[in-house]
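Coordinates in review
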Amino acid sequence: MGQWGRLSRMDFQDVVRRRRMVRNFDPRPVDPAVVARILDNAVRAPSAGFSQGWGFLVLDTPEDVARFWEATTPAGAGVDAWSAGMRRAPVLVVPLSCKGAYLDRYAEADKGWTDRDEARWPVPYWHIDTGMAALLMLLTVTDEGLGGCFFGIPPEQIPSFRKAFGVPEDHTPIGVVALGHPAPDRRSPSLKRGRRSADEVVHRGRW
Ligand SMILES: Cc1cc2nc3c(=O)[nH]c(=O)nc-3n(C[C@H](O)[C@H](O)[C@H](O)COP(=O)(O)O)c2cc1C
């Protein structure tokens, strides 16, 4: 235990090890104080130039959650096993990235990229930073003994998603964090791939 006492509900290493994507939920609501902690932790994420060009759309009523699924499910698509479980999540948080906030921030005097040229960016930091915030949410979800899953919105459904929730064009949803009390779920077939070990992916000194 550190100087400040134990702030976390779980040991940090347990949070990292136990975090996994949960794809079925008990529809019991989540304590709003817990949702608030998850969002407070999201905004602790690092960001390039401290731009913080992100936004978080929280859908935590049955009506809003239903509207999300209606807007993002392709026409004619049925409710398969994946969506049946995911639709039971009582809370959805959509993290959105805002490229313009980064271009504006880096055009300031201390950065000086006044041409706002996107070629200056090694990778789109606006998505990176918003992804870091999403990971902090997932870790907090685990720390709270809840389950969460990050998933994508199909690109062709993004216009209807924007329309349903009045999301402006300068914000891009990078995905969705579904969260709630976990229910028994099926192991993802992707996990059959096995986790690549650090030895396999780490290159020391030279690639
Ligand atoms: C960027 C990203 C997109 C993902 N999209 C989906 C998705 O659309 N649907 C889904 O069920 N899981 C999705 N996942 C979860 C991955 O399948 C999962 O993280 C991976 O299989 C490893 O499992 P674990 O997170 O439970 O350890 C996504 C994860 C990431 C990081």
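The structure under discussion appears in the preceding block.
Here goes a summary of the coordinates provided.

Cut-off values and rules
- Residues numbered from 1 in each chain as written.
- Predicted model: local features only at pLDDT ≥ 70, side-chain atom pairs only at ≥ 80, totals over all residues.
- Heavy atoms only, no water.
- Near = heavy atom within 4 Å.
- Polar contact = N/O pair within 3.5 Å; in protein donor to acceptor, adjacent residues only side chain to side chain.
- Areas by Shrake-Rupley, 256 points an atom, 1.4 Å probe, with all protein chains shown as cover.
- Nonpolar A, V, L, I, M, F, W, Y, C, P; charged D, E, K, R; others polar.
- Phe/Tyr/Trp six-rings, centres within 6.5 Å; stacked < 30°, edge-to-face > 60°.
- Helix = DSSP H or I, 4+ residues; strand = E, 2+ residues; numbered from the N terminus.
- Buried < 20%, exposed > 50% of the residue type's maximum accessible area, 1.4 Å probe, protein only.
- Expected span 1.5 Å × (residues − 1).
- 1 Å grid on protein atoms, 1.4 Å probe; cavity = no way out; pocket = protein on both sides within 12 Å on 5 of 7 lines; lining within 4 Å.
- Points joined across faces, edges and corners; volume = space filled by probe spheres on them.
- Core = buried A, V, L, I, M, F, W, Y, C linked by side-chain atoms within 4.5 Å.
- Contact = heavy atoms within 4.5 Å.
- Salt bridge = Lys/Arg side-chain N within 4 Å of Asp/Glu carboxyl O.

Quick notes on the site of the ligand
- All residues in the neighbourhood of the ligand are listed as Arg19, Arg20, Met21, Arg23, Trp82, Phe150, Phe151, Gly152, Ser190, Leu191 and Arg195.
- Between an oxygen atom of the ligand and a main-chain N or O atom of methionine 21, the distance comes to 2.8 Å.
- Arginine 23 places a polar side-chain atom, nitrogen or oxygen, 2.6 Å from an oxygen atom of the ligand.
- In isolation the ligand has 620 Å² of accessible area, and contact with the protein removes 59% of it.
- Taken together, the residues of the shell around the ligand sort by class into five nonpolar, two polar and four charged.

Some thoughts on the packing of aromatic side chains
- Counted according to the given criterion, the structure contains 15 aromatic pairs.
- Where tyrosine 106 meets tryptophan 121, the ring centres are 4.6 Å apart and the plane angle is 65°; that geometry is what we call edge-to-face. Here tryptophan 121 lies in the loop between α5 (99–106) and α6 (125–143) and tyrosine 106 lies in helix α5, a separation of 15 residues in the sequence. You'll find tyrosine 106 and tryptophan 121 in the same group, each marked buried.
- The interplanar angle of 85° and the centroid separation of 5.2 Å between the aromatic rings of tryptophan 113 and tryptophan 121 together place this pair among those described as edge-to-face.
- Tryptophan 113 sits in the partly exposed class, given a relative accessible area of 23%.
- By relative accessible area, which is 7% here, tryptophan 121 ends up buried.
- Aromatic rings pair up to connect Phe68, Trp69, Trp82, Phe151, Phe161 and Phe165 into one cluster.

A few points about α6
- Here α6 spans 27 Å end to end across 19 residues, near enough to the 27 Å set by a 1.5 Å rise per residue.
- Listing the buried residues of α6 in full gives Trp126, Asp129, Thr130, Ala133, Ala134, Met137, Leu138, Leu139, Thr140, Val141, Thr142 and Asp143.
- Glycine 145, located one to two residues past α6, shows a positive phi value of around 75°.

Side note on the layout of surface pockets
- Estimated volume of the largest pocket: approximately 290 Å³.
- Lining of the largest pocket is provided by Arg19, Arg20, Met21, Arg23, Asp185, Arg186, Arg187, Ser188, Ser190, Leu191 and Arg195.
- Residues belonging to the lining of the largest pocket are distributed by class as follows: two nonpolar, two polar and seven charged.

Overview of the nonpolar core
- Of all hydrophobic cores here, the largest spans 21 residues; its most connected members are Leu57, Phe68, Leu92 and Phe161.
- Those elements giving two or more residues to this core turn out to be β2 (54–59), α3 (62–72), β3 (91–97), β4 (147–151), α7 (158–165) and β6 (176–182).
- Dropping the residues within four chain positions of it, leucine 92 is found in contact with Leu57, Val58, Leu59, Val65, Phe68, Trp69, Val176, Val177 and Ala178.
- Among the nonpolar cores identified, the runner-up in size contains 17 residues, and Val35, Ala134, Val141 and Leu179 belong to it.

Topic: the pattern of salt bridges
- All told, the structure shown has twelve salt bridges when counted by the stated rule.
- For the salt bridge of glutamate 118 with lysine 99, the shortest nitrogen-to-oxygen distance reads 2.9 Å. Separated by 19 residues along the polypeptide, glutamate 118 in the loop between α5 and α6 and lysine 99 in helix α5 bring together distant segments of the chain.
- On the basis of relative accessible area, glutamate 118 is assigned to the partly exposed category, the value being 38%.
- Here arginine 105 ties to aspartate 110 by a salt bridge, and the two come within 2.7 Å at their closest N and O atoms.
- Aspartate 110 gets classed as exposed once you look at its relative accessible area, which sits at 53%.
- A cluster of three or more residues bridged by salt bridges with shared partners is formed by Arg37, Asp143 and Glu144.

All we've got here are geometric facts, nothing functional implied.
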